[in-house]
Structure formats: structure tokens, C-alpha cells
Amino acid sequence: MELSKNMRNSIFLILLASLVLSSTRCKGGVTSTYRRRLEASVDMPLDSDVFRVPAGYNAPQQVHITQGDVDGNAVIVSWVTPDEPGSSVVLYGTSKHNLDKMKTGKHTQYKYYNYTSGFIHHCTIRHLKFDTKYYYAVGIGQTVRKFWFKTPPEVGPDVPYTFGIIGDLGQTYDSNTTLSHYESNPKAETVLYVGDLSYADNYPDHDNNRWDSWARFVERSTAYQPWIWAAGNHELDFEPSLGEKEPFKPFKHRYQTPYRASDSTGPFWYSVKRASAHIIVLSTYSAYGKYTPQYRWLEEELPKVNRSETPWLIVLVHSPWYNSNTLPLHGRRDHACHV
Ligand SMILES: *[C@@H]1O[C@H](CO)[C@@H](O)[C@H](O)[C@H]1NC(C)=O
Ligand SMILES: *[C@@H]1O[C@H](CO)[C@@H](O)[C@H](O)[C@H]1NC(C)=O
Ligand SMILES: *[C@@H]1O[C@H](CO)[C@@H](O)[C@H](O)[C@H]1NC(C)=O
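Report follows, based on the coordinates. Here the structure is a predicted model, which means the values were calculated and not measured. (Residues numbered from 1 in each chain as written. Chains lettered and ligands numbered in written order. Predicted model: local features only at pLDDT ≥ 70, side-chain atom pairs only at ≥ 80, totals over all residues. Heavy atoms only, no water.)

### Quick look at the overall build of the protein
Helix and strand counts for the protein stand at four helices and 17 strands. Of all 339 residues assigned to the protein, the portion counted as buried reaches 53%. Put simply, 69% of the contacts in the protein that link residues at least 6 apart link residues at least 24 apart. Carbon and sulfur atoms make up 53% of the accessible area of the protein, which totals about 16,900 Å². (Helix = DSSP H or I, 4+ residues; strand = E, 2+ residues; numbered from the N terminus. Buried < 20%, exposed > 50% of the residue type's maximum accessible area, 1.4 Å probe, protein only. Contact = heavy atoms within 4.5 Å. Areas by Shrake-Rupley, 256 points an atom, 1.4 Å probe, with all protein chains shown as cover.)

Written out as C-alpha cells, the structure is:
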């Protein structure tokens, strides 16, 4: 979606639901020549090129960035080292050959059933200048890997900016085509990701190696552009039969959000401003009834939206909080509500 001056004061509310269970035929206008294939899409095998592990001992992999504060002066850089913790340092700077600044992050690790994750690093770099290209490096010794990103322009009403929207990506051959299609647009600067990342939960024991392969697959975009994360049903990974009772465990360890910056009390609902947009992220799979922390946060957030400053209001949510669908949607039966 492109934001421009002409579109000032437009209301743009995105309620994107995943289409997995949609059962009705829509007779809406045709906006694209794309036709989804009828056959189910097949996951790319683990030895596919897109899942290749970068060369070198303990080389950083699965590099991804996201916005790290409300206004866009901070970036959270995340990556995984497979063999040992290594370094949590990010070197960065505005000159490709002189990464003169440095920030030390932290690493974490988690277990899921019989899977143990690699060392997951998160490092927030702050006080970045607006509208500036930064180069950064992670890793040490022989296995340093370098990337770059561009910070957004200062928040304001007349600031054009181009977002892409992706959700339900998974790691099939079609996922690869989808990502390539997004990448083919030279204007796209940031991805609004509406949930359902790896679909690792489709595998026996929610094989978390598929979380790793997914992050290696999307690295070609996520290392260079922020992806703004919203949680979907495939991030829940709630599986008491495996002894896994903590919802969102893999997602929470792997994908950080700047939720504290927007006074949120939980990582799955938060807001950021970027260029001329105020972006609110909500979670359908966290409690959202009246008096819940998420509901209360939203109540306090909405009055903060200043349409003179950010004429665009974008709401990211994987499936709507309230709808009239009486089918069990995404493993939850309590979605059907009368509004
Ligand atoms: C985890 O358990 C499954 C069978 O339930 C087995 O196939 C797999 O090899 C095990 N993985 C590890 C890392 O032990
Ligand atoms: C995925 O897409 C990239 C870019 O088009 C291509 O180089 C690669 O071979 C594709 N991999 C698979 C497994 O389809
Ligand atoms: C809303 O934004 C405008 C333009 O940036 C600013 O002048 C105004 O003070 C803001 N209003 C509030 C209530 O913060």
C-alpha cells in the first residue's frame, strides 16, 4: 500500500483474516490477475536452497529486524547462532566500511518438547537518524555477516511511504513465489506481517526446526527491512500433550516487538508510528474481552492517534475480534460474538 499526500485523512483499517477456513465464495471486484492454485501447496524440503545455512563456524543465521521504538529511531536486530552463544554485539554505522558504533544485546534459548533452540540474539540499537541508510554486522571472527537497512523519515502527515502486507506465508514453494513477488517491488520499504509465520506446528511435535528454516528462508528480506509482527494462530504452539502449555513460546523467544515503548503490558499488542502511519497491532489469540490488559491498552491507545500527525491508521490483526462466523475459527470456539 502506498501512502501519499492525496490520501490524507483517509481511514484505512485493515482487518486481515487468514483464508484457511474461509468457506464462502466472494463475488467482489477483480483487483488482480493472480489465481490461487486449487491444489495444496507443498513445503520446500529442508535441503532447499532457501534454507541453506550460512558458511562458517557458528555463523549468524535467521537475521531479522523490526522497529524498536514508537517513532522509528530504533531497530531491534535479531539472529541465531547455532553452536555456541558467540557474540551479541551489533556493529553499525552510516559508512559501509566504517561501522563505528556498537551495541551489545542479549541472547536467549528455549526448549520445546525434545527440541532445543540455538542461541537467539536480540539487540536494540537506538538514537538512529531518520531517513538514513545504516550498515550493520553481526558475528565474530571468520563468520561476520553484513547487512543494511534504511530508517524511515520523521513521522509526519506529508511523508510518503510504501508498506507491503504479507500474512500466512509458511514455507511452501508458493511462499517463495510470494516473497519474490514482494521483493520485485522496488518501492516496498517495510512489511506489515499479519501473522502465521512458519507453520512449524503442522509438523509432528511442532518440529521447531521448521521455525529455524523459515527464518533462514525470509532472511533475504527480513535482514534488510523491518517486518512489523502480529501473532496468528500458528504462533500459539500450545500443546499440553507435549507438555507445552506456554502459548506463543517459540514466537516470543524469536520475534521481539517494541511493546513497552507504547506502554503495552504484553508483546503481542502494541503500536508504532512510521512515516505518516500510526500502526496498531492486536492479538486475537490473547485475551481481548473487556477489562483484559489488551482491551484496556487499546482503550488508552486510540485517543493517542493524532490524525493531523499520522493521517493513516493501520490496524493489524490476524483474524477479527468480533464476527458472526459460528464455525470454530482457528482452534477457538469463542470468536462468534454479537456486536
Ligand atoms: C524428538 O522426538 C521424535 C519422535 O517423537 C524423534 O523423531 C526426534 O528425532 C526427536 N528429536 C530429538 C532432537 O531428540
Ligand atoms: C526461491 O526463489 C528464489 C528467488 O526467486 C530462487 O532463487 C530459489 O531457487 C527458489 N527456491 C525454491 C526452493 O523454490
Ligand atoms: C497532533 O499533531 C499536530 C501535528 O504534528 C500537532 O501540532 C498537535 O499538537 C498534535 N496534537 C496533540 C493533541 O498532540
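### Side note on the packing of aromatic side chains
In the structure shown here, the tally under the stated rule is 24 aromatic pairs. Looking at Lys133, its charged tip hangs above the ring of Trp148, at a distance of 4.2 Å from the centre. (Phe/Tyr/Trp six-rings, centres within 6.5 Å; stacked < 30°, edge-to-face > 60°. Lys NZ or Arg CZ within 6 Å of the ring centre and 35° of its normal.)

### With respect to the sheet that holds strand S16 (residues 277-281)
If you trace the three strands from one edge of the open sheet to the other, you get S15-S16-S17, paired in mixed fashion. Whereas interior strands pair on both sides, the edge strands pair on one side only; in this sheet they are strand S15 (270-274) and strand S17 (312-316). Adjacent strand axes in the sheet meet at a mean angle of 20°, parallel and antiparallel pairs treated alike. As paired strands, S16 and S17 are joined by five bridges and run parallel to one another. Residue pairing for S17: Ile279 is matched across the bridge by Ile314. (Pairing = 2+ DSSP bridges. Axes fitted to C-alpha atoms, helices over the stretch in contact; angles between N-to-C directions.)

### A word on the site of ligand 1
In the region of ligand 1, the neighbouring residues are Tyr113, Asn114 and Asp205. Here an oxygen atom of ligand 1 sits 2.3 Å away from a polar atom, N or O, in the side chain of Asn114. Side-chain polar atom of Asp205 to an oxygen atom of ligand 1: 3.1 Å apart, as the coordinates give it. Coverage of ligand 1 by the protein amounts to 28% of the 360 Å² it exposes when considered alone. (Near = heavy atom within 4 Å. Polar contact = N/O pair within 3.5 Å; in protein donor to acceptor, adjacent residues only side chain to side chain.)

### What about the site of ligand 2?
As a matter of local geometry, ligand 2 sits amid Met44, Ser48, Asp49, Val50, Tyr173, Asn176 and Ser180. At a separation of 2.5 Å, an oxygen atom of ligand 2 approaches a polar side-chain atom of Asp49. One of the side-chain nitrogen or oxygen atoms of Asn176 is found 2.4 Å away from an oxygen atom of ligand 2. The fraction of the free accessible surface of ligand 2 (360 Å²) that becomes covered by protein chains is 52%. A class-by-class count of the residues in the shell around ligand 2 yields three nonpolar, three polar and one charged. (Nonpolar A, V, L, I, M, F, W, Y, C, P; charged D, E, K, R; others polar.)

### Description of the side chain of Thr143
Considering the arrangement of structural elements, one finds Thr143 in the loop between strand S10 (133-138) and strand S11 (145-150). For Thr143, the side chain forms a polar contact with the main-chain oxygen of Tyr57, separated by 3.4 Å. Among the polar contacts listed, one links the side chain of Thr143 to the backbone oxygen of Ile140, at a separation of 3.1 Å. When sequence neighbours within four positions are dropped, the list of residues in contact with Thr143 reads Ala55, Gly56, Tyr57, Asn58, Ala59, Pro60 and Val138.

### Thoughts on the pairing of S16
Across the five residues of S16, five count as buried, placing the element largely inside the fold. Residue alternation in S16 divides its side chains into two sets, Ala277, Ile279 and Val281 and His278 and Ile280, and both sets are buried. Counting the residues that bridge the hairpin from S15 to S16 gives two residues, and of these Ala275 lies at a positive phi of roughly 55°. In this fold, S16 hands off to helix H4 (residues 293-301), which returns the chain to S17; that crossover is right-handed. (Right-handed = clockwise from strand over helix to strand, strands pointing away.)

### Some details on unusual backbone geometry
Of note in the backbone geometry, Asp205 takes a positive phi value of approximately 55° without being a glycine. Here Asp205 lies in the loop between strand S13 (190-193) and helix H2 (209-222). With relative accessibility at 36%, the residue Asp205 sits in the partly exposed group. One non-glycine residue, Phe248, lies in positive phi territory at about 65°. Phe248 gets classed as buried once you look at its relative accessible area, which sits at 4%.

Keep in mind these values describe shape, not function.
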